[in-house]
Amino acid sequence: MEAGGPAVVSQWDECFQAAVQVAQRAGQVIRKAFTEEKHVSTKTSAADLVTETDCLVEHLIISELRKQFPSHRFISEEATAAGAKCELTSSPTWVIDPIDGTCNFVHGFPNVAVSIGFAVHQELEFGVVHHCMEERLYMARRGRGAFCNTQRLCASRETDLSKALILTEIGSKRDPATLKLLLSNMEQLLLAKAHGVRVIGSSTLALCHLAAGAADAYYQFGLHCWDLAAATVIIREAGGIVMDTTGGPLNLMARRVVAAGTQKMATLIAQALQPISCGQDDQA
Ligand SMILES: O=P(O)(O)O[C@H]1[C@H](O)[C@@H](O)[C@H](O)[C@H](O)[C@@H]1O
Ligand SMILES: [Mg+2]
Ligand SMILES: [Mg+2]
């Protein structure tokens, strides 16, 4: 493009800009509500929390995006909890977690984010994750690199499990059999001499830390498509790998993931895990 020539407008520019703007507006609402009294309800278990701010922010995001893109489809955490169908079609689809880290939000623990992913023909085109309490905007567009604010992100190159910092999440399924498998998986990785295993209460922020090279791997059984969508683009554009826990390609709806800076690390993690059955987002 010659200097001063017309800006090249590529497909989805307008959608990406809208995602950035509405994620920042949502972050302002969450930051304001962070120190205020909260009305907390539970969903699938006593550990699966939701507040009026989750619902308010989800409504704010979707109504703004629907105004600009009325033909688009939406998948979001709280609408799904209220019975909406969770189906990724070939239509342009927004995949939204209004507050990722709601339990943290309720307790005043600052790992809280807004996650907005966007897919067309079931392929993820971009992701925006706003770390509300630290004013960090993680973002990536397919084929154009990953950034945190203006800083380019590069995932870890580590291939040795005994030198790895591994992130995971506990989830809200707390029956004894699930907890036994969950703790056994952590034990296997620690017995393999991993430097550490960390749980920060927000899967999407943990995945962004991986994209930034601040950890070497992430795994989880039980997260949702709205936890995964945006961060998957950010990790891939940072040079990382996001795949199914079986070692196959990621299925956004399968509620399980292994992510790492390198394929070797991802494979070592997947091989160490015992599977935990958590259903699928697109199966009621
Ligand atoms: O409900 P939100 O949106 O806060 O998402 C969290 C899930 O609730 C946890 O089960 C899960 O383990 C992760 O922490 C995930 O981020
Ligand atoms: Mg949420
Ligand atoms: Mg979430």
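The numbers attached to residues start from 1 for each chain and follow its sequence in the written order. Each chain takes a letter, starting from A, and each ligand takes a number, starting from 1, following the order in which they are written. Residue-level local features of this predicted model are given only where pLDDT is at least 70; pairs of side-chain atoms are given and counted only at 80 or more, and the full residue set underlies all totals for whole chains, interfaces and linings. As a rule here, side-chain values come from all non-hydrogen atoms in the structure, and water together with hydrogens is ignored.

Engineer: Any chance you could explain the site of ligand 1 here in plain terms?
Structural biologist: Here, proximity means that at least one heavy atom of the residue falls within 4 Å of the molecule or strand. If you check the shell around ligand 1, you find 14 residues, and the closest are Asp97, Asp100, Gly101, Thr102 and Ser203. Thr102 is positioned with one of its backbone polar atoms (N or O) 2.8 Å from an oxygen atom of ligand 1. Here a polar contact is taken to be a pair of N or O atoms separated by no more than 3.5 Å, where protein atoms must pair a possible hydrogen donor with a possible acceptor and residues adjacent in sequence count only if both atoms sit in side chains. At a separation of 3.0 Å, an oxygen atom of ligand 1 approaches a polar backbone atom of Gly171. Bound to the protein, ligand 1 loses 90% of the 370 Å² it would expose on its own. A run of DSSP states H or I qualifies as a helix once it reaches four residues; a run of E qualifies as a strand once it reaches two. Both are numbered from the N-terminal end. Among the elements that make up the shell around ligand 1, the one with the highest residue count is strand 4 (residues 93–100) (three residues). For the shell around ligand 1, a count of residues per class yields one nonpolar, eight polar and five charged. Note that the domain bounds reflect an automated or database-derived domain assignment. When residues of the shell around ligand 1 are assigned to domains, at least three fall in each of domain 1 (6–152) and domain 2 (161–283). Areas reported here follow the Shrake-Rupley algorithm with a probe of radius 1.4 Å; residue values treat only the protein chains shown as occluding. Basically, the charged four are Asp, Glu, Lys and Arg, the nonpolar ten are Ala, Val, Leu, Ile, Met, Phe, Trp, Tyr, Cys and Pro, and anything else, Gly included, counts as polar.

Engineer: Got a minute to help me understand the domain arrangement of the protein chain in this structure?
Structural biologist: Many structure descriptions define interface size as the accessible area lost when the parts assemble. Per the domain assignment, the segments of the protein chain are domain 1 (6–152) and domain 2 (161–283). Contact criterion: two residues are considered in contact whenever any of their non-hydrogen atoms come within 4.5 Å of each other. Counting from both sides, the interface comprises 40 residues of domain 1 and, opposite them, 25 residues of domain 2. Here the quantity called buried area is the accessible surface, traced with a 1.4 Å probe, that two parts lose on coming together, added over both. For the pair domain 1 and domain 2, the summed buried surface comes to about 2,300 Å²; carbon and sulfur atoms form 69% of the total. Broken down residue by residue, the surface that domain 1 buries against domain 2 is led by Cys86, Leu124 and Tyr138, which jointly contribute 24%. The working definition used for a salt bridge is a side-chain nitrogen of Lys or Arg within 4 Å of a carboxyl oxygen of Asp or Glu. Taken together, the connections running from domain 1 to domain 2 amount to zero salt bridges. The interface formed by domain 1 and domain 2 holds 11 residue pairs in polar contact (both at pLDDT 80 or more) in total. Listing elements by their share of the side of domain 1 that touches domain 2, those giving two or more residues are strand 3 (73–76), helix 3 (77–81), strand 4, strand 5 (113–120), strand 6 (123–131) and strand 7 (136–141). The element contributing the most residues to the side of domain 1 that touches domain 2 is strand 6, with seven residues. Looking at the side of domain 1 that touches domain 2, its residues break down into 18 nonpolar, 13 polar and nine charged.

Engineer: Would you mind showing me how to read the state of the cysteines here?
Structural biologist: To count as a disulfide, a pair of cysteine sulfur atoms needs to be within 2.5 Å. A complete count under the given rule lists zero disulfides for this structure. A disulfide-free cysteine, Cys86 has its sulfur positioned 3.8 Å from the sulfur of Cys225, the nearest such atom. On the accessibility criterion, Cys86 (6% relative accessible area) is buried. Free cysteine Cys132: the closest other cysteine sulfur is in Cys208, separated by 12 Å. In this structure Cys132 comes out as buried when scored by relative accessible area, which is 0%. Each residue is placed in one exposure class: buried if its accessible area under a 1.4 Å probe, protein chains only, is under 20% of its type's maximum, exposed if it is over 50%, and partly exposed if it falls in between.

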